[in-house]
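Understanding the architecture of this molecule
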Amino acid sequence: MELGQFELLLTPAGQKVLAEAVELVRGGADPVQAATALRRGYGADLVSAALTQAGLRRRAVVKFGADAEVMYFTPQGLEQATRVEVAEHRARRLVDRWGAGSVADACCGIGGDLVALARAGCAVDAVDVDPVTAAVARANVAALGLRASVRVADAGELDPGAYDVWFADPARRTSNRRTFDPNAYTPAWPVLMEMVGRSRAACLKVAPGIPYEFIPDGTEAEWVSFRGEVKEASLWLGDKSQEVRRKATLLPIRETLEASGVEPEVGTIGRYLYDPDGAAVRAHLVAEVAQIITGRLIDPQIAYITSDSPARSPWVSGYEVEEVMPFSLKRLRAALRDRHVGSVTIKKRGSAVDVERLRRDLRLHGDNTRVVLLTRLGNRPIAILATELPTP
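All of the points below concern the structure found in this document.

What counts as what
Residues numbered from 1 in each chain as written. Predicted model: local features only at pLDDT ≥ 70, side-chain atom pairs only at ≥ 80, totals over all residues. Heavy atoms only, no water. Axes fitted to C-alpha atoms, helices over the stretch in contact; angles between N-to-C directions. Helix = DSSP H or I, 4+ residues; strand = E, 2+ residues; numbered from the N terminus. Parallel < 35°, antiparallel > 145°, perpendicular 65-115°, else oblique. Left-handed = near helix turned anticlockwise from the far one by under 90°. Contact = heavy atoms within 4.5 Å. Salt bridge = Lys/Arg side-chain N within 4 Å of Asp/Glu carboxyl O. Buried < 20%, exposed > 50% of the residue type's maximum accessible area, 1.4 Å probe, protein only. Arc of directions from axis to C-beta. 1 Å grid on protein atoms, 1.4 Å probe; cavity = no way out; pocket = protein on both sides within 12 Å on 5 of 7 lines; lining within 4 Å. Points joined across faces, edges and corners; volume = space filled by probe spheres on them. Pairing = 2+ DSSP bridges. Phe/Tyr/Trp six-rings, centres within 6.5 Å; stacked < 30°, edge-to-face > 60°. Lys NZ or Arg CZ within 6 Å of the ring centre and 35° of its normal.

Take the packing of helix α6 (residues 84–98) against helix α7 (residues 112–119) next. α7 packs onto α6 with a crossing angle of 45° between their chain directions and a minimal axis gap of 8 Å. Classified by the interaxial angle, the pair formed by α6 and α7 is oblique. Remark: the crossing between α6 and α7 carries right-handed chirality. Judged by residue contacts, Ala87, Glu88, Arg90, Ala91 and Leu94 of α6 engage Gly112, Asp113, Ala116, Leu117 and Arg119 from α7.

This part covers the pattern of salt bridges. What the rule picks out here adds up to 29 salt bridges. The partner of Lys231 in a salt bridge is Glu229, with the nearest N and O atoms 3.4 Å apart. Taking relative accessible area as the criterion, Glu229 reaches 47% and is therefore assigned partly exposed.

This part covers unusual backbone geometry. Of note, the amide linkage connecting Thr186 to Pro187 takes the cis form, showing an omega dihedral of 0°. Position of Pro187 among the secondary structure elements: in the loop between β6 (177–178) and α9 (189–197). Its identity as a non-glycine residue notwithstanding, Arg227 has a phi of 50°, on the positive side. Residue position: Arg227 is located in the loop between β8 (219–226) and β9 (229–237). A positive phi is found at Thr294, a non-glycine position, where the angle reads about 55°. Positionally, Thr294 belongs in the loop between α11 (286–292) and β13 (296–299). Judged by relative accessible area, which is 67%, Thr294 ranks as exposed.

What follows is about helix α12 (residues 329–338). Of the positions making up α12, those classed as buried are Leu332, Arg333, Ala335 and Leu336. Buried residues of α12 fall within an arc of 160° about the axis and therefore sit on the same side. Residues Lys330, Arg337 and Asp338 are exposed on α12 and point more than 90 degrees away from its buried face. On its buried side, α12 packs onto β15 (316–326), β16 (341–348), α13 (355–362), β17 (368–377) and β18 (380–388). Positioned one or two residues after α12, His340 has a phi angle of 55°, which is positive.

Attention now moves to the environment of Leu8. Structurally, Leu8 is set in helix α1 (residues 3–9). A relative accessible area of 37% means that Leu8 is categorised as partly exposed. Separated by 41 residues in the primary sequence, Leu8 and Ala49 have C-alpha atoms spaced 8.5 Å apart. Each residue touching Leu8, except ones within four places of it in the same chain, is listed here: Gly14 and Leu46.

Of the pockets and cavities examined, the second largest pocket occupies roughly 610 Å³. Around the second largest pocket, the lining comprises 29 residues; the ones closest to its centre are Gly228, Asp277, Pro314, Val316 and Ser317. Those elements that place two or more of their residues in the lining of the second largest pocket are β10 (245–251), β12 (272–276) and β15. Considering every element that reaches the lining of the second largest pocket, the biggest residue donor is β15, with four residues.

Moving on: the pairing of β18. With seven bridges connecting them, β15 and β18 associate as antiparallel partners. Note that in β18 the partner of Met325 across the bridge is Ala383. In this sheet, β18 lies alongside β17 in antiparallel orientation, the contact comprising seven bridges. In the strand pairing of β18, Leu374 is matched with Ala383.

A complete count under the given rule lists six aromatic pairs for this structure. Summarising the aromatic geometry, the rings of Trp189 and Phe214 are spaced 6.0 Å apart at their centres and angled 90° between planes, so their arrangement reads as edge-to-face. Highlighted residues: Trp189 in helix α9 and Phe214 in the loop between β7 (202–206) and β8, separated in sequence by 25 residues. Taken together through their ring pairs, the aromatic side chains of Tyr185, Trp189 and Phe214 make up a single cluster. The lysine or arginine in question, Arg349, covers the ring of Tyr304, its NZ or CZ lying 4.9 Å from the ring centre.

Strand order in this open sheet of seven strands is β13-β14-β12-β15-β18-β17-β16, and the pairing throughout is mixed. Of all strands in the sheet, those bounded by a partner on one side alone are β13 and β16. Strand after strand, the sheet turns through a mean of 45° between neighbouring axes, direction not considered. The sheet contact formed by β13 and strand β14 (residues 302–307) spans three bridges and is antiparallel. Residue pairing across strands places Asp299 opposite Ile302, the latter belonging to β14. α12 contacts β15, β16, β17 and β18 of the sheet and is inclined by roughly 115° relative to β15. The strands that α13 touches are β16 and β17; relative to β16, the one it contacts most, it runs at about 160°.

Structural data, given as structure tokens:
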């Protein structure tokens, strides 16, 4: 979508055709028929923009809830935007930590974090290098009745020291592919660190798989999970501590776990096996989770916890173990056949097995279901046959 197309949507005629497009999409109209119907009264460019926007609003409900009904999006902007619960959590933490002062949103995108920061009472100065994206963010601020400055500019044009807090969500895509290398972020990691160094306080949103060697001393690193799926990591910079402090947060329940230095117990696989939430795994807090459920690790290098009695915690998914066996396709297939298993959930950790190929090779038949966990003890690959416990 070009800037002129988007600006047409903000005119009275654009608002009228957008409202009609939203109703057509909501009613499940065929795209070709919807376009044909709208083109009887409006130009092709305006109809195309309206139908695209109506479709994006429908998809955006998952991330933005009721706000999506009045917001504006671009396809890439919606994909990369922070979901509302995560953005609101970060905005609350920022205000609790540093107060509701002036905040620079250095890579604002379509405005997911910008909206949360403005609602939390911050005076936000937001920039994005792309004119269409900046226009969408500005329209979202207006549509939601908020106040914030949104303009077209490169993040490097901001003076981090001019704000109480400098916040950045750098782009993590190159040539339409997601990148896991912080040096390939936009702005690149060295530029981000230089700007952090000139700030009074800073918060960076980064990929949850960020290598630990990129996290500076004096950082609080928080991994955030929403309904069991790790969404991101936030790096909170500005304190003088010389070590990285690690924490994990579960949303929407807002439960947080911090590193305590507890030494994990390691022991044999018991009757129950537990898979820690991914945020705790990323934050290297598996030992702390094991302590919560009075469990032990099955291997010092593997993030599976076991116990002899059942435990309930939002930090784990649980399984009742039926059989532990050395990994062998023939043996696993026989065990599943004996149980008349026709459907399996396959999970792996520390295993090189190709899951989809294994699923085909098992040649399952039957009405029962099981969970197969592929892992290792030391250098020995194993398969664990289990049933899933109810979620807490």
